Each structure stands twice: as structure tokens, then as C-alpha cells.
Amino acid sequence: MKKLLLFAMLLATVTMTSCSKSASSTSTPATLTLVGKWKLVGYIFKAGTTTDSYVGKAADYVDFKSNGTAEAFIDGETSNTPYSISGNNLIMDGQTYTIGLAATTASLYYSALE
């Protein structure tokens, strides 16, 4: 099972903290980047009345590489997925996530209800 792609359910919030590089954001969204290794803090899924959540383990991470692939190690499983960034959106595995950045954290939001 692809744990990385589980957050592609109906509504998800994923929170990551910077491990090796900080995300950068300027007033121009086109310069936004997530390149670097991020610790997966956890995620929350909501689908109708069902809510599921996952608290990241110490070894969990997502590494956004400059070649447009994201390597994830989540709950003991590794996967590689192509990604791209357009404005403040992350497109990965056919889903579009809105990126929320703070100094050392990134949150990804997805809603099929939009």
C-alpha cells in the first residue's frame, strides 16, 4: 500500500518540518520551492463523517528533489512520485495540494470538494 498517497483522500492536511533545507517563499509565488528533505509530522484525512489521522514517526520523511521527484519514507515504506509546483500549488499523483509555508514548516491541503 502506498502510504505516501494516502493523503490524496477527499480532504487531507499534511504537516512537514524542514530537515535539511528551508522552503523558500517570496512575494512571487512562481519562486516557491519545497526542494529538500522534510520530516513528516503527520496527516489528517476527512471523508464524509470518517476521520483518519497519522502521527509521523521519527524516521518518516518526504524528500522533494530538484529533478521533480519526491521520495517518501512513511511507516517503513518507501515510494517515489513525480511532482511539480505551479504558483502555490503542489501537483503530485494527479492531485493538487495548496501549500502553506511558515519559517520551518509546510502544510499541504487538498479537498475533492473544491
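Since the model is a prediction, treat every value here as computed from it, not as a measurement.

Within the protein, the secondary structure is distributed over zero helices and nine strands. Mapped in sequence order, the helices and strands of the protein form the string β-β-β-β-β-β-β-β-β. Taking all 114 residues of the protein together, 36% fall into the buried category. Counting only contacts in the protein whose residues sit at least 6 apart along the sequence, the fraction spanning at least 24 positions is 46%. For the protein, the exposed area adds up to about 6,000 Å²; of that, 54% sits on carbon and sulfur atoms.

Membership of the largest hydrophobic core comes to 20 residues, with the highest contact counts inside it found for Leu-34, Phe-64, Leu-90 and Met-92. Listed by contribution, the elements that provide at least two residues to this core are β2 (36–47), β4 (61–64), β5 (69–74), β7 (89–92), β8 (95–101) and β9 (105–111). The leading source of residues in this core is β2, at four residues.

Summarising the element assignment, Asp-63 is placed in strand β4. A relative accessible area of 15% places Asp-63 in the buried class. Within the structure, Asp-63 has its side chain in polar contact with the side chain of Lys-65 (distance 3.3 Å). Look past the residues within four positions of Asp-63 in its chain and what remains in contact with it is Gly-36, Lys-37, Thr-69, Ala-70 and Glu-71.

What counts and what doesn't
Residues numbered from 1 in each chain as written. Predicted model: local features only at pLDDT ≥ 70, side-chain atom pairs only at ≥ 80, totals over all residues. Heavy atoms only, no water. Helix = DSSP H or I, 4+ residues; strand = E, 2+ residues; numbered from the N terminus. Buried < 20%, exposed > 50% of the residue type's maximum accessible area, 1.4 Å probe, protein only. Contact = heavy atoms within 4.5 Å. Areas by Shrake-Rupley, 256 points an atom, 1.4 Å probe, with all protein chains shown as cover. Core = buried A, V, L, I, M, F, W, Y, C linked by side-chain atoms within 4.5 Å. Polar contact = N/O pair within 3.5 Å; in protein donor to acceptor, adjacent residues only side chain to side chain.

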